[in-house]
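# A closer look at the structure
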Amino acid sequence: MANQFSGRNYDFVQYVQAKNLIGGEWVASKSGKTEDVINPRYAKSMGSLVISNADDVNAAVEAAKAAQKGWAQWPVRERAQVMHKLKQLMDQHVDELSWLLSHENGKTIGQSRGSVLKGIECVEMGASLQNMADGGQLDVSRGVNCKVIHEPIGVVAGVIPFNFPTMVPLWMLPQALVAGNAFILKPSEKVPFGAMRIAELLEEAGLPKGVLNIVNGTKEAVTAIVEHEDIGAVAFVGSTRVAKLLYEKGAKTGKKMLCLGGAKNHLLMVPDADLNLTSTNVVGSFTGCAGQRCMAASVLIAIGDVEHIVDDIVKKSEAINTGQDIGAIISEDSKNRIVEIINDAEKCGAKILVDGRGKGRDEGYWVGPTIIDGVTTDMRCYKEEIFGPVLSILRVDTLEEAFQIENANPYGNAAAIYTTSGGIAERAIKRFEAGMVGVNIGVPVPREPFAFGGWNDSKFGHGDMTGMDGFKYWTRPRKVTVKWALQTDETWMG
Ligand code: NAD
């Protein structure tokens, strides 16, 4: 295939230009502008992308409208067959997709492969819809039947963040496409290649031209998508600031908006927690993907005497080799911001138990695992989403104090508790102000067929992503009530 990625190790590889996909053709943007795509492991351009404006979005919408009508005529079973074929192709290309992701995003190959595999799981969910997408029906009265038909919305769109360039499009595409919509995808300008390869594989899997369109670019393209009158639903995944802004903008145009935002995930640890399970899991949660996951641990609330577990977390974090065991930070700006926040905590009197500043390779953007102890809720490292491998430890005496801190935080993506007590675990499940909750698991991502989505400032809009909730989001329920004239007796339904 034209754009197969050749890298199979971390050595630098020059790649291609990500163009727009409009009506099945890869084309330049109308503005003629391009930007570099930086491999963060080398701080060096590995390719480029085109930067689109409202004219490009209009062209994508016209192509999508033209293709959608025919696509919606396919029976759901046939649309789902495209997902069966995509899964086979992704299985065949799993090495290629994982290395491409590692190069554009900076993840380790292990973390890259994990997210590609999760993407494949989402495609399997789309393939299952041929057996699950019935709407239900019931004889509600004598001779009267009600049923629900899940109709496609028409043209819909998705906007993607930098941290999961292959997986997050697959949170949306399987359900939206199998439901009979045409889709406009706006990948992150920092990492456009994963989505480009998925689109190429979808074409090979038999998706008709124009059913998936890609518009590359930044704010200008996203604004045009959210304001476009012929786009009926948008899903956004990214920071809280942008999620809220776009939710408000999109809602004004009357379209359906689901905007997943940032996070500040709290982990609670009580003295009866299992030592090895807890320390291993907490370290994995805050350092995995170099902390650039919306499900990463950010705050650890140490309740009572848990010094032995904190010591083990410190020991395991110090053993991590930055540049080898954890990946790069996406950009120089992000790296500088993370370091500034650690400096600020130190200035405010917090103690740096593990210091990741200056760790990593000479070239590229790196921050090593960092643990800040004695954090208080007024410090910047507590208040802001850091999005790096940094764990802030707060100390309290009681579970109740810990719940109050977690509950007062404006975000609500995930929270978890480490304990061997069923009673404490059950209390925590009910008390957390978070949409995704874990017990002895620091990255409590619901696996398919369960839905994904936070609460509070971590999500604006209704419904959730993935699973059957994803299918519902991308459809309009048509409620049908039928009574044939053969029926003679009168009811209040006339
Ligand atoms: P971001 O908000 O900067 O960008 C996300 C997308 O929005 C990109 O495609 C970008 O081009 C576009 N964009 C940026 N600014 C815009 C503006 N002013 N107007 C319109 N569009 C704009 O996010 P990011 O840095 O790419 O990703 C990291 C963030 O995403 C973190 O906050 C992380 O928590 C969040 N995230 C959340 C989830 C979740 O499920 N809740 C999942 C992954 C990432």
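The paragraphs below set out a description of the structure included in this document. Throughout this description, residue numbers start from 1 for each chain and increase along the sequence as written. For a predicted model such as this one, the threshold for reporting local features is a pLDDT of at least 70, and the threshold for listing and counting side-chain atom pairs is 80 or more; totals across whole chains, interfaces and linings nevertheless cover every residue. With hydrogens and water set aside, each side-chain value is computed from the structure's full complement of heavy atoms.

## Section: the overall build of the protein chain
Labels follow the DSSP assignment, with helices taken as runs of H or I lasting at least four residues and strands as runs of E lasting at least two, numbered in each case from the N terminus. Check the secondary structure of the protein chain and you find 15 helices and 21 strands. Taken over C-alpha atoms, the radius of gyration is set against a globule rule of 2.2 Å times the number of residues to the power 0.38. Relative to a compact globule of 494 residues, whose C-alpha radius of gyration would be 23 Å, the protein chain shows 24 Å and is just as compact. Here the C-alpha coordinates of the protein chain stretch approximately 80 × 60 × 40 Å along the principal axes. For the protein chain, the proportion of its 494 residues judged to be buried stands at 56%. We call two residues contacting when some pair of their heavy atoms lies within 4.5 Å. Sequence separation of 24 or more characterises 74% of the internal contacts of the protein chain that already satisfy a separation of 6 or more. To be clear on the numbers: accessible area is Shrake-Rupley with a 1.4 Å probe, and residue cover counts the displayed protein chains and nothing else. Put simply, the protein chain shows about 19,800 Å² of open surface, and 50% of that area lies on carbon and sulfur atoms. Charged-residue counts in this description rest on Lys and Arg as positive and Asp and Glu as negative, His and the chain ends being excluded. Each charge is placed at NZ for Lys, CZ for Arg, CG for Asp and CD for Glu. Taking the average location of the 52 positive side-chain charges in the protein chain and that of its 58 negative ones, the two points are 4 Å from each other. Per-residue accessibility, obtained with a 1.4 Å probe over protein chains only, is compared with the maximum for each type, and a residue is labelled buried under 20%, exposed over 50%, and partly exposed between these values.

## Let's talk about the site of the ligand
Any residue with a non-hydrogen atom lying within 4 Å of a molecule or strand is treated as near it. Looking at the ligand, there are 27 residues lining it, with I160, E189, S239, G261 and E385 nearest. Each polar contact in these results corresponds to two N or O atoms within 3.5 Å; when the atoms are within protein, one needs to be able to donate a hydrogen and the other to accept it, and residues that are neighboring in sequence are counted only if both atoms are side-chain atoms. Taking F162, its main chain carries an N or O atom lying 3.0 Å from an oxygen atom of the ligand. One of the backbone nitrogen or oxygen atoms of G261 is found 2.7 Å away from a nitrogen atom of the ligand. Contact with the protein chains hides 90% of the accessible area of the ligand, taken as 850 Å² for the molecule alone. Those elements that provide at least two residues to the shell around the ligand are α7 (219-227), β11 (233-237) and α8 (240-252). Only Asp, Glu, Lys and Arg are considered charged in this grouping, and only Ala, Val, Leu, Ile, Met, Phe, Trp, Tyr, Cys and Pro are considered nonpolar; every other residue, Gly among them, is considered polar. Broken down by class, the residue content of the shell around the ligand amounts to 16 nonpolar, seven polar and four charged.

## A short note on the environment of P369
Here P369 lies in the loop between β15 (351-354) and β16 (370-373). In this structure the C-alpha to C-alpha distance between P369 and H103, which are 266 residues apart in sequence, comes to 21 Å. Setting aside its immediate chain neighbours within four residues, P369 contacts F286, T287, S317, I320, T322, I326, V354, D355, G356 and P389.

## Remarks on the pattern of salt bridges
We define a salt bridge as a side-chain nitrogen of Lys or Arg found within 4 Å of a carboxyl oxygen belonging to Asp or Glu. Under the defined criterion, the tally for this structure stands at 25 salt bridges. Here E189 makes a salt bridge to K186, at a shortest N to O gap of 3.4 Å. Judged by relative accessible area, which is 24%, E189 ranks as partly exposed. Taking relative accessible area as the criterion, K186 reaches 3% and is therefore assigned buried. Across the pair R380 and E384 runs a salt bridge whose closest N-O atoms are separated by 2.8 Å. A relative accessible area of 27% places E384 in the partly exposed class. Sharing partners across several salt bridges, the network here consists of R337, E340, R380 and E384.

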